[in-house]
Amino acid sequence: MRLLAFSCGLLFASLAHGADRLTSTSAPKSTEPALLKVGETLATTQKQLVRLENGTLLYVNDGSQVLATEAGAISLSKGEVYAETNRGLRIKAPGREVLIKLGHLRVRVEGTGSAVAVTRGSALLNPEQTLSAGWSVNAKNDKQPLPRASHLLDWTQELHAGSPLVPASSYAGGSLQARDANGQEAKISLRKLHLDVHIEDGFARTTIDQTYFNHESTQREAIFYFPLPPDASLSHFVMYVEGERMEAGMVDRDHG
């Protein structure tokens, strides 16, 4: 029995999963969000993505109510919004007013107050309190480090324009497929999965570590499938077999 550990690094550059292979493709075209004009109120029964008149993108959770008071200002009376702006945004919510000139933030109504979390840039909260990226305050104004943004903003994922980040595939997340000498599928199970993402200068480098367990006492040949999202490329691939490191080289598909 053997443990096989795989480590692969991804950089965002232009591959996607085809019918039976990884093939080059362009990123899907985005759909223009609806415009929320000044004076209009949006009351949601489902998640929606809208654009304000100053270009700010506003992700609105279901059960929310938003009034566009100016080209770059909204009033949030209930629910939750996540904003991405490079032209400034002012949000009036129960118990506070928030101003962000450039960045991303989430505001959620909690009872008679509201909570704020900044994921990029910094925001000014009344009275004269600055909240930087990576920090949040609750409705009682208690400041604390921001939990993982992927968990905090999970509800926004389906609103991102275009197709899913990784096209549908039976190999999604990586899959090791092995067969025995008779051509039958051998039992190999995923025992451990670890992801690490580092973002710098607009690029995201994702390192994915997977450990598989061979339930048989004999060695097996296997194929490792890993569908890549649009605008991603593989930067390195390493395999460990019982602690022995084996690093693969990157070549074009035709050459390989």
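The present account deals with the structure reproduced in this document. (Residues numbered from 1 in each chain as written. Predicted model: local features only at pLDDT ≥ 70, side-chain atom pairs only at ≥ 80, totals over all residues. Heavy atoms only, no water.)

1. A closer look at the overall build of the protein chain
Link 1 in the chain: If you tally the helices and strands in the protein chain, you get one helix and 22 strands.
Link 2 in the chain: Within the protein chain, buried positions represent 34% of all 256 residues.
Link 3 in the chain: For the protein chain, the share of sequence-separated contacts (at least 6 apart) that also reach a separation of at least 24 residues comes to 48%. (Helix = DSSP H or I, 4+ residues; strand = E, 2+ residues; numbered from the N terminus. Buried < 20%, exposed > 50% of the residue type's maximum accessible area, 1.4 Å probe, protein only. Contact = heavy atoms within 4.5 Å.)

2. A word on the pairing of strand β9 (residues 73–78)
Link 1 in the chain: The sheet contact formed by strand β8 (residues 65–70) and β9 spans five bridges and is antiparallel. Considered in β9, the bridge of Glu-70 is made with Ala-73.
Link 2 in the chain: Connecting the antiparallel pair β8 and β9 is a turn made up of two residues.
Link 3 in the chain: Direction of pairing for β9 relative to strand β11 (residues 89–93): parallel, over a ladder of three bridges. Its bridge partner being in β11, Ser-75 is matched across the sheet by Lys-92. (Pairing = 2+ DSSP bridges.)

3. Some details on the nonpolar core
Link 1 in the chain: With 26 residues, the main nonpolar core has Leu-58, Val-81, Ile-91, Leu-105 and Val-116 as its most contacted residues.
Link 2 in the chain: Where this core is concerned, the elements lending two or more residues are β6 (48–52), β7 (57–60), β8, β9, β10 (80–85), β11, β12 (96–110) and β13 (113–125).
Link 3 in the chain: Looking at this core, the element that brings in the most residues is β12, giving five residues.
Link 4 in the chain: Aside from chain neighbours lying at most four places away, what touches Ile-91 is Ile-74, Leu-76, Val-81, Arg-96, Glu-97, Val-98, Leu-105 and Val-107. (Core = buried A, V, L, I, M, F, W, Y, C linked by side-chain atoms within 4.5 Å.)

4. Regarding the pattern of salt bridges
If the charged atoms of two oppositely charged side chains come close together, the side chains can form a pair.
Link 1 in the chain: In total, this model carries four salt bridges according to the counting rule given.
Link 2 in the chain: For Arg-90, the salt bridge goes to Glu-97, with nearest N and O atoms at 2.8 Å. (Salt bridge = Lys/Arg side-chain N within 4 Å of Asp/Glu carboxyl O.)

5. Examining unusual backbone geometry
Link 1 in the chain: We note that Asn-141 has phi near 70 degrees; this positive angle belongs to a residue other than glycine.
Link 2 in the chain: Inspection of the secondary structure assignment puts Asn-141 in the loop between β15 (135–137) and β16 (143–145).
Link 3 in the chain: Taking relative accessible area as the criterion, Asn-141 reaches 33% and is therefore assigned partly exposed.

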